[in-house]
Structures are given as C-alpha cells and as structure tokens.
Amino acid sequence: MSDGQFSRSAMLYGIEAQRKIESATVMVCGVGAVGSFATEALARIGVGNFILIDSDVVAESNINRQLCALHSTIGKSKTAVMQERIVDINPNANVQVFDEFIDATNVSKFVDMQPTVIVDAIDSISVKAELACMAISKNVPIVSSMGAGRKTNPALVEVSQIFKTYNCPLASRMRKELRLRGLKNADLQCVFSPENTSAETHINSDNSEKIIGSTPMVTGVFGLMLANLALGRII
C-alpha cells in the first residue's frame, strides 16, 4: 500500500480496506458524464485496476459536463483520455481500455472478466438491462446510474434499490426490463433523481435525435454517489 498518496483514504477506511481498494478491479461501462466522475473518484481513492469500456470520442458538446472533455481532447477516444487521467493520478494503476459499444453480442465477454464491481453509466436502457441481468446471473457486483439528464438540482439525487425508485422515467423502464427478464426481485443498487423536469430541457435535432440538457453539478453528484456505491462493494 502506498504510504503517502492514499494515506488519507487509509485513515478513513483503515489499512485493510485500503489494501482491498488498491487490489480491486473496477469495470466502468460508459466513461462520459456520470462515468467520468465515478472513474476519477475511484482513481483518487486508490483503486489499482480499471477496465474502461466506451465506444465514443470526445465532442465539443461534452465539455459542459464530462471530465474527459476539454478543447485539447476533442476527437480523442474517451477511454484513452480517462486512461491518461487515471495514470496521471496514480502511475501504479493498471488500466485496460475497450473502445467498444456494449450490446447483447459482447456483454458476456466483459462480465466474464469477473471484476470486483461493475459501474454502469450506460445511456441505452436495453444495454443497461442486459448488463445488469448478466452480472446478477454470474454473481458479479454491479451498481447502476439512472437518468441524470434534464435534472438541475443535485440536492435531490438519491441512492436506492431499483424497485424502490420513483419519478424517474429511465428507472421505470429499467424495472420493466428486469421484470421481463425474470428479475423482479433483483437487488440492484442505483443512483437516481426524482426531480420533475420541464419539456423545454430537451430539443429534437434536424435528424429527430433527442438532445437532452445536462449540468455538471448533477452528473458530478451522480458519478460521485455511484463511485461510493462501488466502494461499498469493494470494502
């Protein structure tokens, strides 16, 4: 265990817990808005091994809410940028990156890597459900982020078991997907916000894609709370 860099974390959690943190492997699925904050928090607390999965590259529109997004990183792979940040924080960290979109064809491959915990920060509901079901069926701990988009009040963000969430459209759809897959009693811990949102917080682009407004205060809180849930699975 590092005597200096992570000594403050060891003071809080204890030396044995810090050893677990530094030997843990965290798989982060989606390293954009919520995922980037979760990843960086876990790196700063001393997690020694990361598996980062994201097929996207940094765009200018990401700058308002994603730690990986800077003018100097536009066009770069998000996983590569986060890998560089992690190693800059902790040069001893081991970081594997996969520039892939998780779907039904490869989700088993990733879950079979048997990380200490999976951090789900994926936007696609079908992929979220597929990942959760696969992780639960293989006894791999997983924590999940629900919808942070269109939310503006970080004080309303909560942690809950998925079937106890409320007033969150994404969580509602996730519950439905889990029930359809026979997991109506799944113990999936997640971060969500019950905040009511205005229809004016999204627009349709020229190609009918829905563009959703987001704020770094909310995505940051989502990510930090998600990291804390993951930490609980480690120690």
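Residues numbered from 1 in each chain as written. Predicted model: local features only at pLDDT ≥ 70, side-chain atom pairs only at ≥ 80, totals over all residues. Heavy atoms only, no water.

Peer 1: Whenever I open this one, the overall build of the protein confuses me. Can you help?
Peer 2: Looking only at helices and strands, the protein features eight helices and nine strands. Here the C-alpha atoms of the protein give a radius of gyration of 17 Å, agreeing with the 18 Å that 2.2 N^0.38 yields for 235 residues. Here the protein holds 235 residues, and 49% of them are scored as buried. Long-range pairs, those at least 24 residues apart, make up 70% of the contacts in the protein with a sequence separation of at least 6. Accessible surface for the protein amounts to roughly 11200 Å². Of this, 50% is attributable to carbon and sulfur atoms. (Helix = DSSP H or I, 4+ residues; strand = E, 2+ residues; numbered from the N terminus. Rg over C-alpha atoms; globule rule 2.2 N^0.38 Å. Buried < 20%, exposed > 50% of the residue type's maximum accessible area, 1.4 Å probe, protein only. Contact = heavy atoms within 4.5 Å. Areas by Shrake-Rupley, 256 points an atom, 1.4 Å probe, with all protein chains shown as cover.)

Peer 1: How do you make sense of the packing of helix H6 (residues 125–137) against helix H7 (residues 169–180) when you look at a structure like this?
Peer 2: The description of two packed helices rests on the angle between their axes and on the distance between the axes. Following both chains from N to C, one finds H6 and H7 inclined at 50°, their axes separated by 10 Å at the closest point. Taken together, the axes of H6 and H7 are oblique relative to one another. Crossing hand, H6 versus H7: right-handed. Seen from H6, the contacting residues are Ile-125, Lys-128, Ala-129, Ala-132 and Cys-133; seen from H7, they are Leu-170, Arg-173, Met-174, Glu-177 and Leu-178. Along the lines of polarity and charge, the residues of the contact of H6 with H7 split into seven nonpolar, no polar and three charged. (Axes fitted to C-alpha atoms, helices over the stretch in contact; angles between N-to-C directions. Parallel < 35°, antiparallel > 145°, perpendicular 65-115°, else oblique. Left-handed = near helix turned anticlockwise from the far one by under 90°. Nonpolar A, V, L, I, M, F, W, Y, C, P; charged D, E, K, R; others polar.)

Peer 1: What is the right way to read helix H4 (residues 78–89) from this model?
Peer 2: For H4, with 12 residues, the first-to-last C-alpha span of 17 Å sits near the 16 Å given by 1.5 Å per residue. Close packing links the buried residues of H4 with helix H3 (33–45), strand S2 (49–53) and strand S3 (94–98). (Expected span 1.5 Å × (residues − 1).)

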